[in-house]
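Overview (structure and organization)
Residue-level listing of the chains:
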Amino acid sequence: MAAAFRLVVVVTCALLLASACQGLQVGYYKKTCPRVEHIVRAEVKKFVYKNAGIGAGLIRMLFHDCFVQGCDGSVLLDPTPANPEPEKRSPPNFPSLRGFEVIDAAKDAVERACPGKVSCADIVAFAARDAAYFLSKLKVKIDMPAGRLDGRVSRASEALDNLPPPFFNVSELVAAFAAKGLGAEDMVVLSGAHTVGRSHCSSFVADRLAAPSDINAGFANFLRRRCPANPTPANDPTVNQDFVTPNALDSQYYKNVLEHKVLFASDAALLGSPETAKMVRDNAYIPGWWEDRFKAAFVKMSRVEVKTGKQGEIRKNCRVVNHGHPHRHY
Ligand code: HEM
Ligand SMILES: *[C@@H]1O[C@H](CO)[C@@H](O)[C@H](O)[C@H]1NC(C)=O
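Residues numbered from 1 in each chain as written. Chains lettered and ligands numbered in written order. Predicted model: local features only at pLDDT ≥ 70, side-chain atom pairs only at ≥ 80, totals over all residues. Heavy atoms only, no water.

**Some thoughts on the UniProt feature "binding site: Ca(2+) 2" (unreviewed entry) in the chain**
In this numbering, the UniProt entry assigns the feature "binding site: Ca(2+) 2" (unreviewed entry) to Thr195, Asp242, Thr245 and Asp250. On the basis of their most widely separated C-alpha atoms, the annotated residues across 56 residues gather in one place, lying no more than 10.0 Å apart. Mapped onto the elements of the fold, Thr245 is located in the loop between β2 (238-240) and α12 (252-258). Residue position: Asp250 is located in the loop between β2 and α12. Residue classification places Asp250 among the buried positions, given a relative accessible area of 18%. In this structure Asp250 touches Gly192, Thr195, Asp242, Thr245 and Trp290, once residues within four positions along its chain are discounted. Among the polar contacts listed, one links the side chain of Asp250 to the side chain of Thr195, at a separation of 2.8 Å. (UniProt positions renumbered as here; feature names shortened; annotations may be inferred. Helix = DSSP H or I, 4+ residues; strand = E, 2+ residues; numbered from the N terminus. Buried < 20%, exposed > 50% of the residue type's maximum accessible area, 1.4 Å probe, protein only. Contact = heavy atoms within 4.5 Å. Polar contact = N/O pair within 3.5 Å; in protein donor to acceptor, adjacent residues only side chain to side chain.)

Right under this line is the structure:
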């Protein structure tokens, strides 16, 4: 019976696109660490109810992990003498990416329950999923497949090469997502995550406030009062992404796009092609439309270039690769 079921799974996967299978499974840890998803959720809940911004950081962390070396926990690795410039230290991540302490706390709790069983990459995916759940007031509920292994490579230069910058236009954004097997609609729907969290002024002042742009004039003035004309690392305040419902993961972002009240050129760029502009309107106006698509696109993103089998390991500490044989993962 079990063997027959496995055969069906294998055959079905062979017929589908590789990206749809990848060996990830919902309930992957049912036998080896049955409480893992509960444990991670409890940690995320503690942090997010104290500071909603940490939840935004965790949602962004999955994106930044998955687009660089695949969803393999590479974004978590600290600098070492052998690798002084990991992803974490690159401009798209440093100093803005936040929530690492949640991953540490979750990993500690998971290791106490089931040592050596659960990858850091899966903890990032579970934590991002849980952050979306809490910030959406329990509306965005995702079954997150698991079985990702942790990578051993993390280079700052690859973060710069693979993460789209906030000045990209619509064709550049579509291309950056296509490079990861994601479509234009995934790109539009995932950009909706800019309905929570914040941005540093340095991410948008030059191309949105200093240069001519289509930003709403009142909104631009509001931002000019909060941001220095020339942000520096020592003077780089933050502002909310979504000034209407700053801590709610909802479809308000698309209304902001239509009103030209968004921070980045990449947000405004969603109106830059008829196809993506239509998606913005659907997401803004049709109740439930965005939530359903966000859930699917989030899972699709979480499958990008995942490592399985001998391609990875299960780190003991999410901040450092394991010692010894690179292929050991048990
Ligand atoms: C489409 C291309 C994207 C671009 C160009 C982009 C760019 C940015 C930038 C520049 C920031 C502000 C960083 C700072 O200065 O503090 C930011 C924040 C954020 N991004 Fe994106 N992003 C993109 C897509 C995504 C995706 C796909 C997700 C997740 C599904 C996401 C989630 C977030 C979140 C939640 C924040 C707020 C983080 C916090 O408050 O700590 N972004 N993004
Ligand atoms: C986006 O920018 C690229 C590179 O600067 C340019 O070739 C392309 O035509 C632009 N696309 C749009 C839609 O503006």
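Read on, since the account is not over.
**What to know about the site of ligand 1**
Around ligand 1, the surrounding shell holds 25 residues, and the nearest of these are Arg98, His194, Arg198, His200 and Ser203. At a separation of 2.9 Å, a nitrogen atom of ligand 1 approaches a polar side-chain atom of His194. Here His200 contributes a side-chain N or O atom positioned 2.7 Å from an oxygen atom of ligand 1. Secondary-structure elements contributing two or more residues to the shell around ligand 1 are α4 (52-66), α8 (170-178), α9 (184-191) and β1 (198-200). (Near = heavy atom within 4 Å.)

**Structural notes on the pattern of salt bridges**
For the structure on display, the rule yields 19 salt bridges. Between Glu37 and Arg129 there is a salt bridge whose closest N-O contact spans 2.8 Å. Taken as a pair, Glu37 in helix α3 (residues 36-50) and Arg129 in helix α6 (residues 120-135) lie far apart in primary sequence, 92 residues in all. Where Glu185 meets Arg293, a salt bridge forms, and the shortest distance between an N and an O atom there is 3.5 Å. Of this pair, Glu185 sits in helix α9 while Arg293 sits in helix α15 (residues 289-301); the two residues are 108 residues apart in sequence, bridging distant segments of the chain. The partly exposed category is assigned to Arg293, whose relative accessible area is 26%. Within the structure, one salt-bridge network assembled from shared partners comprises Glu37, Arg41, Arg129 and Asp130. (Salt bridge = Lys/Arg side-chain N within 4 Å of Asp/Glu carboxyl O.)

**Describing the site of ligand 2**
Around ligand 2, the neighbouring residues are Asn169, Ser171 and Glu172. Contacts to ligand 2 include Asn169, whose side-chain N or O atom sits 2.2 Å from an oxygen atom. Within the side chain of Ser171, an N or O atom sits 2.8 Å from a nitrogen atom of ligand 2. Contact with the protein chains covers 33% of the free accessible surface of ligand 2, which is 360 Å². (Areas by Shrake-Rupley, 256 points an atom, 1.4 Å probe, with all protein chains shown as cover.)

**A look at empty space enclosed by the protein**
Under the counting rule described, the total for this entry stands at one cavity of 30 Å³ or more. Roughly 30 Å³ of volume is contained in the largest cavity. Together, Leu76, Lys88, Phe100, Ile103, Asp104, Cys318 and Arg319 line the largest cavity. Counted by class, the lining of the largest cavity contains four nonpolar, no polar and three charged residues. (1 Å grid on protein atoms, 1.4 Å probe; cavity = no way out; pocket = protein on both sides within 12 Å on 5 of 7 lines; lining within 4 Å. Points joined across faces, edges and corners; volume = space filled by probe spheres on them. Nonpolar A, V, L, I, M, F, W, Y, C, P; charged D, E, K, R; others polar.)

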